[in-house]
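# Chain and residue survey
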Amino acid sequence: MISVIGAGAFGTALAISMARGGTPVTLWARDADHVARMQADRVNAARLPDMAFPEALRVTGDITDLPDGPALLSVPMQKLRQALIDAPALRDHPLVACCKGIELTTTKSPSQVIEEERPGAQIALLTGPSFAQDIARRLPTALTLACADDALGRDLQQRLTTANLRLYRTTDVTGAEIGGALKNVMAIACGAAIGAGLGESARAALMTRGYAEMQRMALALGARPETLAGLSGFGDLTLTCTSDLSRNYRFGRSIGQGDDFDPAITVEGAATARAVQAQAREMQIDMPITDAVVGLIGGDLKVPQVMDLLLSRPLKEE
Ligand SMILES: NC(=O)C1=CN([C@@H]2O[C@H](COP(=O)(O)OP(=O)(O)OC[C@H]3O[C@@H](n4cnc5c(N)ncnc54)[C@H](OP(=O)(O)O)[C@@H]3O)[C@@H](O)[C@H]2O)C=CC1
Ligand SMILES: O=C(CO)COP(=O)(O)O
(Lines give C-alpha, C1' and ligand atoms only; values in the text may rest on other atoms or scores of the structure.)
(Ligands and ions follow the chains in the order given, each with its own letter.)
Protein backbone atom coordinates (compact mmCIF):
# COMPACT_ATOMS: atom_id res chain seq x y z
CA MET A 1 0.00 0.00 0.00
CA ILE A 2 1.24 3.46 -0.93
CA SER A 3 0.04 6.99 -0.11
CA VAL A 4 0.72 10.06 -2.21
CA ILE A 5 0.47 13.43 -0.47
CA GLY A 6 -0.33 16.18 -2.95
CA ALA A 7 -2.40 15.74 -6.11
CA GLY A 8 -0.25 17.89 -8.36
CA ALA A 9 0.96 16.70 -11.76
CA PHE A 10 3.82 14.59 -10.39
CA GLY A 11 1.98 13.04 -7.44
CA THR A 12 -0.95 12.10 -9.67
CA ALA A 13 1.33 10.57 -12.31
CA LEU A 14 3.18 8.50 -9.71
CA ALA A 15 -0.12 7.37 -8.16
CA ILE A 16 -1.49 6.33 -11.57
CA SER A 17 1.66 4.43 -12.54
CA MET A 18 1.86 2.61 -9.20
CA ALA A 19 -1.85 1.74 -9.08
CA ARG A 20 -1.82 0.36 -12.64
CA GLY A 21 0.15 -2.65 -11.40
CA GLY A 22 -2.62 -3.36 -8.88
CA THR A 23 -0.92 -1.86 -5.80
CA PRO A 24 -3.55 -0.03 -3.71
CA VAL A 25 -2.65 3.69 -3.82
CA THR A 26 -4.31 6.46 -1.79
CA LEU A 27 -3.96 9.94 -3.30
CA TRP A 28 -4.52 12.76 -0.79
CA ALA A 29 -5.38 16.34 -1.81
CA ARG A 30 -6.02 19.29 0.49
CA ASP A 31 -8.88 20.94 -1.37
CA ALA A 32 -12.31 19.36 -0.76
CA ASP A 33 -13.74 20.41 -4.15
CA HIS A 34 -10.72 19.03 -5.96
CA VAL A 35 -11.08 15.75 -4.07
CA ALA A 36 -14.80 15.53 -4.95
CA ARG A 37 -14.11 16.21 -8.65
CA MET A 38 -11.39 13.57 -8.82
CA GLN A 39 -13.60 11.02 -7.03
CA ALA A 40 -16.49 11.69 -9.42
CA ASP A 41 -14.54 11.95 -12.69
CA ARG A 42 -11.68 9.48 -11.93
CA VAL A 43 -9.25 11.95 -13.51
CA ASN A 44 -7.25 14.95 -12.22
CA ALA A 45 -8.46 17.44 -14.83
CA ALA A 46 -6.84 20.38 -13.03
CA ARG A 47 -3.27 19.06 -12.97
CA LEU A 48 -2.97 16.04 -15.29
CA PRO A 49 -5.86 16.02 -17.79
CA ASP A 50 -6.92 12.96 -19.82
CA MET A 51 -5.14 10.42 -17.62
CA ALA A 52 -7.79 8.05 -16.27
CA PHE A 53 -7.34 6.67 -12.75
CA PRO A 54 -6.83 2.91 -12.48
CA GLU A 55 -9.19 0.95 -10.21
CA ALA A 56 -6.58 0.55 -7.46
CA LEU A 57 -6.27 4.35 -7.03
CA ARG A 58 -8.40 5.86 -4.25
CA VAL A 59 -8.69 9.61 -3.62
CA THR A 60 -9.18 11.09 -0.15
CA GLY A 61 -9.23 14.49 1.51
CA ASP A 62 -8.93 13.00 4.98
CA ILE A 63 -5.30 12.94 6.13
CA THR A 64 -6.14 10.45 8.89
CA ASP A 65 -7.39 8.04 6.21
CA LEU A 66 -3.98 6.85 4.94
CA PRO A 67 -2.94 3.19 4.93
CA ASP A 68 0.35 1.96 6.42
CA GLY A 69 3.30 1.89 4.04
CA PRO A 70 5.38 4.55 2.30
CA ALA A 71 3.99 8.07 1.85
CA LEU A 72 5.25 10.02 -1.17
CA LEU A 73 5.43 13.73 -0.40
CA SER A 74 4.70 15.35 -3.75
CA VAL A 75 4.30 19.06 -3.04
CA PRO A 76 6.51 21.95 -4.16
CA MET A 77 9.67 22.35 -2.07
CA GLN A 78 8.65 25.67 -0.53
CA LYS A 79 5.41 23.98 0.73
CA LEU A 80 6.98 20.81 2.11
CA ARG A 81 7.35 21.98 5.72
CA GLN A 82 3.80 23.33 5.88
CA ALA A 83 2.43 20.12 4.38
CA LEU A 84 4.12 18.13 7.17
CA ILE A 85 2.86 20.53 9.84
CA ASP A 86 -0.68 20.19 8.45
CA ALA A 87 -0.46 16.39 8.39
CA PRO A 88 0.21 15.21 11.96
CA ALA A 89 -1.26 11.81 11.07
CA LEU A 90 1.81 11.17 8.90
CA ARG A 91 3.99 9.76 11.65
CA ASP A 92 5.00 6.12 11.26
CA HIS A 93 5.07 6.00 7.46
CA PRO A 94 8.41 5.92 5.62
CA LEU A 95 8.46 9.39 4.04
CA VAL A 96 9.66 9.72 0.43
CA ALA A 97 10.29 13.32 -0.67
CA CYS A 98 9.36 13.81 -4.34
CA CYS A 99 10.21 17.50 -4.52
CA LYS A 100 13.25 19.20 -6.05
CA GLY A 101 14.68 22.28 -4.40
CA ILE A 102 16.14 24.00 -1.36
CA GLU A 103 13.99 25.75 1.24
CA LEU A 104 14.43 29.50 0.87
CA THR A 105 13.95 30.46 4.52
CA THR A 106 16.44 27.91 5.91
CA THR A 107 18.59 26.67 2.95
CA LYS A 108 17.63 23.12 3.97
CA SER A 109 17.12 20.23 1.54
CA PRO A 110 13.95 18.05 1.43
CA SER A 111 15.41 15.32 3.68
CA GLN A 112 16.67 17.94 6.17
CA VAL A 113 13.22 19.58 6.36
CA ILE A 114 11.58 16.18 6.95
CA GLU A 115 14.16 15.29 9.61
CA GLU A 116 13.44 18.58 11.40
CA GLU A 117 9.67 18.08 11.30
CA ARG A 118 9.74 14.31 11.97
CA PRO A 119 12.94 13.54 13.91
CA GLY A 120 13.92 9.89 13.54
CA ALA A 121 11.56 9.25 10.60
CA GLN A 122 12.50 6.81 7.81
CA ILE A 123 13.37 9.19 4.96
CA ALA A 124 14.06 8.74 1.25
CA LEU A 125 14.05 10.86 -1.92
CA LEU A 126 12.63 10.08 -5.37
CA THR A 127 14.19 12.25 -8.05
CA GLY A 128 15.55 12.20 -11.59
CA PRO A 129 14.58 12.94 -15.20
CA SER A 130 10.85 12.42 -15.73
CA PHE A 131 7.90 14.51 -16.80
CA ALA A 132 4.60 13.69 -15.12
CA GLN A 133 2.93 13.39 -18.53
CA ASP A 134 5.50 10.80 -19.65
CA ILE A 135 5.08 8.66 -16.53
CA ALA A 136 1.28 8.76 -16.81
CA ARG A 137 1.42 7.91 -20.54
CA ARG A 138 3.40 4.73 -19.69
CA LEU A 139 6.53 6.00 -21.46
CA PRO A 140 9.78 4.50 -20.12
CA THR A 141 11.43 6.53 -17.32
CA ALA A 142 14.33 5.92 -14.93
CA LEU A 143 14.63 7.66 -11.56
CA THR A 144 16.91 7.67 -8.52
CA LEU A 145 15.68 6.42 -5.16
CA ALA A 146 18.07 7.89 -2.58
CA CYS A 147 18.04 6.59 0.97
CA ALA A 148 20.83 6.69 3.56
CA ASP A 149 19.53 3.43 5.06
CA ASP A 150 20.40 0.87 2.39
CA ALA A 151 17.96 -1.78 3.67
CA LEU A 152 15.06 0.68 3.56
CA GLY A 153 16.24 1.89 0.14
CA ARG A 154 16.15 -1.68 -1.22
CA ASP A 155 12.65 -2.21 0.16
CA LEU A 156 11.35 1.07 -1.31
CA GLN A 157 13.03 0.36 -4.65
CA GLN A 158 11.07 -2.90 -4.91
CA ARG A 159 7.80 -1.34 -3.79
CA LEU A 160 7.87 1.78 -5.95
CA THR A 161 9.21 0.38 -9.24
CA THR A 162 6.50 0.00 -11.88
CA ALA A 163 6.27 -1.39 -15.41
CA ASN A 164 7.44 1.92 -16.94
CA LEU A 165 9.24 3.50 -13.97
CA ARG A 166 12.63 1.93 -13.27
CA LEU A 167 14.28 2.98 -10.00
CA TYR A 168 18.02 2.99 -9.39
CA ARG A 169 19.20 3.08 -5.78
CA THR A 170 21.82 5.19 -4.00
CA THR A 171 22.68 5.98 -0.38
CA ASP A 172 24.00 9.42 -1.41
CA VAL A 173 20.98 11.54 -0.48
CA THR A 174 22.96 14.80 -0.54
CA GLY A 175 24.18 14.25 -4.10
CA ALA A 176 20.69 13.37 -5.32
CA GLU A 177 19.12 16.38 -3.61
CA ILE A 178 21.66 18.91 -4.86
CA GLY A 179 21.46 17.57 -8.43
CA GLY A 180 17.66 17.78 -8.45
CA ALA A 181 17.60 21.24 -6.92
CA LEU A 182 20.27 22.88 -9.05
CA LYS A 183 19.31 21.47 -12.43
CA ASN A 184 16.19 23.65 -12.25
CA VAL A 185 18.32 26.77 -11.75
CA MET A 186 20.41 25.82 -14.78
CA ALA A 187 17.24 25.19 -16.82
CA ILE A 188 16.14 28.77 -16.14
CA ALA A 189 19.54 30.01 -17.35
CA CYS A 190 19.32 27.89 -20.53
CA GLY A 191 15.75 29.01 -21.20
CA ALA A 192 16.81 32.64 -20.86
CA ALA A 193 19.70 32.13 -23.29
CA ILE A 194 17.50 30.44 -25.90
CA GLY A 195 14.70 32.98 -25.37
CA ALA A 196 17.12 35.83 -25.96
CA GLY A 197 18.36 34.21 -29.17
CA LEU A 198 21.86 33.40 -27.96
CA GLY A 199 21.87 29.98 -29.63
CA GLU A 200 22.53 26.32 -28.95
CA SER A 201 26.27 26.76 -28.33
CA ALA A 202 25.51 29.13 -25.47
CA ARG A 203 23.10 26.58 -24.04
CA ALA A 204 25.75 23.84 -24.18
CA ALA A 205 28.20 26.14 -22.40
CA LEU A 206 25.65 26.97 -19.69
CA MET A 207 24.75 23.31 -19.18
CA THR A 208 28.39 22.30 -18.86
CA ARG A 209 29.45 25.15 -16.61
CA GLY A 210 26.19 24.73 -14.69
CA TYR A 211 27.12 21.10 -14.12
CA ALA A 212 30.46 22.32 -12.74
CA GLU A 213 28.53 24.51 -10.24
CA MET A 214 26.34 21.56 -9.25
CA GLN A 215 29.43 19.45 -8.62
CA ARG A 216 31.23 22.18 -6.71
CA MET A 217 28.41 22.62 -4.24
CA ALA A 218 27.52 18.92 -3.96
CA LEU A 219 31.11 17.79 -3.37
CA ALA A 220 31.63 20.53 -0.75
CA LEU A 221 28.59 19.12 1.05
CA GLY A 222 30.03 15.59 0.99
CA ALA A 223 28.24 14.13 -2.06
CA ARG A 224 29.83 11.53 -4.34
CA PRO A 225 30.82 12.59 -7.89
CA GLU A 226 29.14 9.54 -9.46
CA THR A 227 25.77 10.66 -8.09
CA LEU A 228 26.09 13.95 -9.93
CA ALA A 229 26.96 12.04 -13.10
CA GLY A 230 23.81 9.92 -12.70
CA LEU A 231 20.09 10.30 -13.31
CA SER A 232 19.48 12.83 -10.53
CA GLY A 233 22.28 15.13 -11.77
CA PHE A 234 23.45 14.90 -15.36
CA GLY A 235 20.29 13.04 -16.43
CA ASP A 236 17.83 15.58 -15.08
CA LEU A 237 20.01 18.52 -16.15
CA THR A 238 19.90 17.25 -19.73
CA LEU A 239 16.13 16.75 -19.76
CA THR A 240 15.21 20.01 -18.09
CA CYS A 241 17.59 22.27 -19.99
CA THR A 242 16.50 20.97 -23.40
CA SER A 243 12.76 20.36 -23.23
CA ASP A 244 9.81 22.67 -23.80
CA LEU A 245 7.87 20.49 -21.34
CA SER A 246 9.99 21.88 -18.48
CA ARG A 247 8.35 24.71 -16.57
CA ASN A 248 11.72 25.98 -15.35
CA TYR A 249 13.03 26.11 -18.92
CA ARG A 250 9.88 27.84 -20.18
CA PHE A 251 10.06 30.35 -17.31
CA GLY A 252 13.65 31.15 -18.28
CA ARG A 253 12.66 31.47 -21.94
CA SER A 254 9.94 33.96 -21.03
CA ILE A 255 12.57 36.05 -19.22
CA GLY A 256 14.83 35.92 -22.29
CA GLN A 257 11.95 36.97 -24.54
CA GLY A 258 10.72 39.66 -22.14
CA ASP A 259 7.32 37.93 -21.80
CA ASP A 260 5.11 37.47 -18.74
CA PHE A 261 4.85 34.06 -17.08
CA ASP A 262 1.80 32.70 -15.22
CA PRO A 263 2.69 33.00 -11.50
CA ALA A 264 0.41 30.05 -10.65
CA ILE A 265 2.79 27.63 -12.43
CA THR A 266 5.24 25.81 -10.17
CA VAL A 267 8.81 26.93 -10.97
CA GLU A 268 11.02 25.33 -8.33
CA GLY A 269 14.27 26.87 -9.60
CA ALA A 270 13.20 30.45 -8.82
CA ALA A 271 13.19 30.23 -5.01
CA THR A 272 15.93 27.59 -5.08
CA ALA A 273 18.31 29.90 -6.96
CA ARG A 274 18.08 32.43 -4.12
CA ALA A 275 18.47 29.73 -1.47
CA VAL A 276 21.52 28.25 -3.23
CA GLN A 277 23.08 31.68 -3.68
CA ALA A 278 22.79 32.34 0.05
CA GLN A 279 24.24 28.92 0.88
CA ALA A 280 27.07 29.28 -1.64
CA ARG A 281 28.07 32.65 -0.25
CA GLU A 282 28.19 31.23 3.26
CA MET A 283 30.32 28.31 2.04
CA GLN A 284 32.45 30.64 -0.14
CA ILE A 285 31.71 28.67 -3.31
CA ASP A 286 31.79 30.40 -6.69
CA MET A 287 28.38 30.02 -8.42
CA PRO A 288 28.29 32.59 -11.26
CA ILE A 289 25.38 31.06 -13.20
CA THR A 290 23.26 30.79 -10.06
CA ASP A 291 24.09 34.45 -9.30
CA ALA A 292 23.06 35.39 -12.84
CA VAL A 293 19.72 33.56 -12.53
CA VAL A 294 18.97 35.38 -9.27
CA GLY A 295 19.75 38.69 -11.01
CA LEU A 296 17.54 37.83 -13.99
CA ILE A 297 14.58 36.73 -11.86
CA GLY A 298 14.80 39.82 -9.65
CA GLY A 299 14.94 42.05 -12.74
CA ASP A 300 18.35 43.45 -11.68
CA LEU A 301 20.04 42.04 -14.79
CA LYS A 302 19.09 41.55 -18.44
CA VAL A 303 20.38 38.66 -20.55
CA PRO A 304 23.00 40.72 -22.48
CA GLN A 305 24.45 42.02 -19.19
CA VAL A 306 24.58 38.47 -17.84
CA MET A 307 26.47 37.26 -20.90
CA ASP A 308 28.93 40.15 -20.59
CA LEU A 309 29.48 39.31 -16.93
CA LEU A 310 29.98 35.58 -17.59
CA LEU A 311 32.23 36.12 -20.62
CA SER A 312 34.44 38.70 -18.92
CA ARG A 313 35.32 36.52 -15.93
CA PRO A 314 39.06 35.81 -15.52
CA LEU A 315 40.25 33.06 -17.86
CA LYS A 316 40.98 29.79 -16.06
CA GLU A 317 41.46 26.03 -16.44
CA GLU A 318 38.30 24.02 -17.15
N1 LIG B 1 5.55 17.88 -12.86
C2 LIG B 1 6.59 17.11 -13.15
O3 LIG B 1 6.76 16.67 -14.30
C4 LIG B 1 7.59 16.77 -12.08
C5 LIG B 1 7.60 17.40 -10.86
N6 LIG B 1 8.55 17.07 -9.93
C7 LIG B 1 8.57 17.74 -8.63
O8 LIG B 1 7.38 17.45 -7.93
C9 LIG B 1 7.10 18.51 -7.03
C10 LIG B 1 5.63 18.87 -7.19
O11 LIG B 1 5.49 19.37 -8.50
P12 LIG B 1 4.16 19.22 -9.35
O13 LIG B 1 3.37 18.05 -8.93
O14 LIG B 1 4.54 19.30 -10.78
O15 LIG B 1 3.41 20.57 -8.91
P16 LIG B 1 1.98 21.10 -9.27
O17 LIG B 1 2.11 22.55 -9.40
O18 LIG B 1 1.38 20.32 -10.39
O19 LIG B 1 1.12 20.76 -7.97
C20 LIG B 1 1.51 21.09 -6.67
C21 LIG B 1 0.59 20.37 -5.71
O22 LIG B 1 1.02 20.63 -4.38
C23 LIG B 1 -0.14 20.92 -3.61
N24 LIG B 1 0.21 21.72 -2.45
C25 LIG B 1 0.74 22.96 -2.44
N26 LIG B 1 0.93 23.38 -1.18
C27 LIG B 1 0.50 22.39 -0.37
C28 LIG B 1 0.44 22.22 1.02
N29 LIG B 1 0.87 23.16 1.88
N30 LIG B 1 -0.08 21.08 1.52
C31 LIG B 1 -0.51 20.13 0.68
N32 LIG B 1 -0.46 20.21 -0.67
C33 LIG B 1 0.04 21.33 -1.18
C34 LIG B 1 -1.06 21.67 -4.56
O35 LIG B 1 -2.37 21.62 -4.08
P36 LIG B 1 -3.50 22.62 -4.63
O37 LIG B 1 -3.86 22.05 -6.00
O38 LIG B 1 -4.58 22.49 -3.62
O39 LIG B 1 -2.88 23.98 -4.71
C40 LIG B 1 -0.85 20.86 -5.84
O41 LIG B 1 -1.70 19.74 -5.89
C42 LIG B 1 8.05 19.65 -7.38
O43 LIG B 1 9.09 19.72 -6.45
C44 LIG B 1 8.59 19.26 -8.75
O45 LIG B 1 9.91 19.72 -8.97
C46 LIG B 1 9.46 16.12 -10.17
C47 LIG B 1 9.50 15.45 -11.37
C48 LIG B 1 8.57 15.73 -12.42
O1 LIG C 1 11.72 17.81 -12.72
C2 LIG C 1 11.25 17.74 -13.82
C3 LIG C 1 11.76 16.82 -14.84
O4 LIG C 1 12.62 15.87 -14.30
C5 LIG C 1 10.15 18.65 -14.20
O6 LIG C 1 10.72 19.85 -14.57
P7 LIG C 1 9.92 21.22 -14.45
O8 LIG C 1 9.55 21.38 -12.98
O9 LIG C 1 10.87 22.25 -14.93
O10 LIG C 1 8.70 21.10 -15.30
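Being a predicted model, the structure only gives us computed values, none of them experimental.

The domain boundaries assigned to the protein chain delineate domain 1 (2-173) and domain 2 (181-312). Computed over C-alpha atoms only, the centres of domain 1 and domain 2 are separated by 25 Å. Each partner contributes residues to the interface: domain 1 has 20 residues there, and domain 2 has 22 residues. At the level of elements, strand 7 (141-146) and strand 8 (165-170) are the ones that each hand at least two residues to the side of domain 1 that touches domain 2. In terms of residues, the side of domain 1 that touches domain 2 owes the most to one element, strand 7, which gives three residues. Grouping the amino acids of the side of domain 1 that touches domain 2 by side-chain chemistry returns nine nonpolar, eight polar and three charged.

A separate point is the site of ligand 2. Neighbouring ligand 2 are 13 residues, the closest being Pro129, Asp236, Ser246, Arg247 and Asn248. Of all the elements in the fold, those that place two or more residues in the shell around ligand 2 are helix 7 (173-195), helix 10 (231-242) and helix 11 (247-257). In terms of residues, the shell around ligand 2 owes the most to one element, helix 10, which gives three residues. Partitioned by chemical class, the residues of the shell around ligand 2 number four nonpolar, five polar and four charged.

For the rest of this paragraph, the subject is the nonpolar core. By size, the foremost hydrophobic cluster in this structure holds 102 residues, and its most contacted members are Leu73, Val96, Met186 and Ala189. Among the elements that make up this core, the one with the highest residue count is helix 7 (14 residues). Counting residues domain by domain, this core receives three or more from each of domain 1 (2-173) and domain 2 (181-312). In this view, Ala189 contacts Leu206, Gly210, Gly252, Ile289, Ala292 and Val293; residues no more than four positions away in its chain are not counted.

In this section: the pairing of strand 7. Of all six residues that make up strand 7, five are buried, and the element is covered over most of its length. Pairing between strand 7 and strand 8: six bridges, direction parallel. Bridge pairing in strand 8 places Thr141 opposite Leu165. Between strand 7 and its parallel partner strand 8, the chain crosses via helix 6 (residues 150-160), and the hand of that crossover is right-handed.

With that settled, consider the UniProt feature "binding site: sn-glycerol 3-phosphate" (unreviewed entry) in the protein chain. The UniProt entry lists Lys100, Gly128, Ser130, Lys183, Asp236, Ser246, Arg247 and Asn248 under the feature "binding site: sn-glycerol 3-phosphate" (unreviewed entry), expressed in the numbering used here. When you line up the elements, Lys100 lands in the loop between strand 5 (95-97) and helix 4 (110-117). Given 28 C-beta atoms within a 10 Å radius, Lys100 is considered buried. Setting aside its immediate chain neighbours within four residues, Lys100 contacts Met77, Thr127, Gly180, Ala181, Asn184 and Glu268. For Ser130, the location among the structural elements is in the loop between strand 6 (123-127) and helix 5 (132-136).

This brings us to the UniProt feature "binding site: NADPH" (unreviewed entry) in the protein chain. Listed under "binding site: NADPH" (unreviewed entry) in the UniProt record, and renumbered for this structure, are Phe10, Arg30, Lys100, Ala132, Arg247 and Glu268. Maximum C-alpha separation among the annotated residues is 23.0 Å over a sequence range of 259 residues, too wide for a single clustered spot. Looking at where Phe10 falls in the secondary structure, it is placed in helix 1 (residues 9-20). By the C-beta count within 10 Å, which is 26 here, Phe10 ends up buried. Excluding anything up to four places from it in sequence, Phe10 contacts Ser74, Cys98 and Ala132.

Parameters at a glance
Residues numbered from 1 in each chain as written. Chains lettered and ligands numbered in written order. Predicted model: local features only at pLDDT ≥ 70, side-chain atom pairs only at ≥ 80, totals over all residues. Domains from an automatic or database assignment. Contact = placed C-beta atoms within 7 Å. Helix = DSSP H or I, 4+ residues; strand = E, 2+ residues; numbered from the N terminus. Nonpolar A, V, L, I, M, F, W, Y, C, P; charged D, E, K, R; others polar. Near = placed C-beta within 6 Å. Core = buried A, V, L, I, M, F, W, Y, C linked by C-beta atoms within 7 Å. Buried ≥ 20, exposed ≤ 12 C-beta atoms within 10 Å, placed from the backbone. Pairing = 2+ DSSP bridges. Right-handed = clockwise from strand over helix to strand, strands pointing away. UniProt positions renumbered as here; feature names shortened; annotations may be inferred.

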